[in-house]
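# Fold and contact review
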Amino acid sequence: MDVMKQMEQLGVVPVVVLDDVKDAVPLAKAMQAGGIPCAEVTLRTAAGLSSIEKMRELGDILVGAGTVVTLDQCKNALSAGAQFIVSPGLNAKVVEYCLANGVTVLPGCVTPTEIMQAMELGLDTVKFFPANVYGGLKAMKALAAPFTGIKFIPTGGVSAENLAEYLSAPYVRAVGGSWLCAKADVNAGAFDKITELCRQASKIVAE
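Here's what I pulled together on the structure shown here. Because the structure is a prediction, the values reported are computed rather than measured.

Here we take up the overall build of the protein. Helix and strand content of the protein: 10 helices and 8 strands. Whereas a compact globule of 207 residues would reach a radius of gyration of roughly 17 Å, the protein reaches 16 Å, a difference of no more than 12%. If you line up the protein on its principal axes, its C-alpha atoms span 45 × 40 × 30 Å. Going through the 207 residues of the protein one by one, you find that 50% of them count as buried. For the protein, restricting intrachain contacts to residue pairs at least 6 apart in sequence, the fraction spanning at least 24 positions comes to 56%. Carbon and sulfur atoms provide 51% of the accessible area of the protein, an area that totals close to 9,200 Å².

On to the pattern of salt bridges, then. Throughout the structure, instances matching the rule amount to 7 salt bridges. Ionic pairing is found between Asp185 and Lys193, a salt bridge with its closest N-O pair at 3.2 Å. Overlapping salt bridges, with partners in common, bring together Glu8, Asp124 and Arg173 in one network.

Closest axis-to-axis distance for the helix H2 (residues 24-33)/helix H3 (residues 48-58) pair is 9 Å, and the angle between their directions is 50 degrees. The angle between the axes of H2 and H3 places the two elements in the oblique class. Along this stretch, H2 crosses H3, giving a crossing that reads as right-handed. Seen from H2, the contacting residues are Ala24, Val25, Leu27, Ala28, Lys29 and Gln32; seen from H3, they are Ser51, Lys54, Met55 and Leu58. Residues of the contact of H2 with H3, tallied by class, amount to 6 nonpolar, 2 polar and 2 charged.

Parameters at a glance
Residues numbered from 1 in each chain as written. Predicted model: local features only at pLDDT ≥ 70, side-chain atom pairs only at ≥ 80, totals over all residues. Heavy atoms only, no water. Helix = DSSP H or I, 4+ residues; strand = E, 2+ residues; numbered from the N terminus. Rg over C-alpha atoms; globule rule 2.2 N^0.38 Å. Buried < 20%, exposed > 50% of the residue type's maximum accessible area, 1.4 Å probe, protein only. Contact = heavy atoms within 4.5 Å. Areas by Shrake-Rupley, 256 points an atom, 1.4 Å probe, with all protein chains shown as cover. Salt bridge = Lys/Arg side-chain N within 4 Å of Asp/Glu carboxyl O. Axes fitted to C-alpha atoms, helices over the stretch in contact; angles between N-to-C directions. Parallel < 35°, antiparallel > 145°, perpendicular 65-115°, else oblique. Left-handed = near helix turned anticlockwise from the far one by under 90°. Nonpolar A, V, L, I, M, F, W, Y, C, P; charged D, E, K, R; others polar.

Encoded structure:
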């Protein structure tokens, strides 16, 4: 199954910030147990790349790299085993490299110009970030009108409370969610709580 299909089925792509690589495997197992075996591991910390490697060793979990802003970061993430690439904005070099290598890439696009650039590069799905700042569902609905083939993965401001509303929109393919594995919970080793939050989200997606 391709990466995008997996994301669509899961409905939620947990956004993960890891300060210590020792938490990578317990976190991945907690998410697997909660029914959401997927992680966008951000490269905001020094533990990012090694955490991707560790999670990939588990198998049976979809692992990507987030906060990818340069081509070098992209190449390093793919070498570490990342199965998809997520950027906060649109970097044409990153997109072109991923497409040339058959890798799913989700650049952040929130304006008509950025969406048109993404389309020209050959994409039909973009990240919408930060969703709550740029108008959420209202904005995506307005943008979906002229760009009928485009789907969004909104990230930022999505929670268990509004997850169903986001997923019911025809132009939303999945959502990015940092509420499932808050940095404080990860650092505190509250993996049971993370499993429970994933389970709740998985239930909302199923319904």
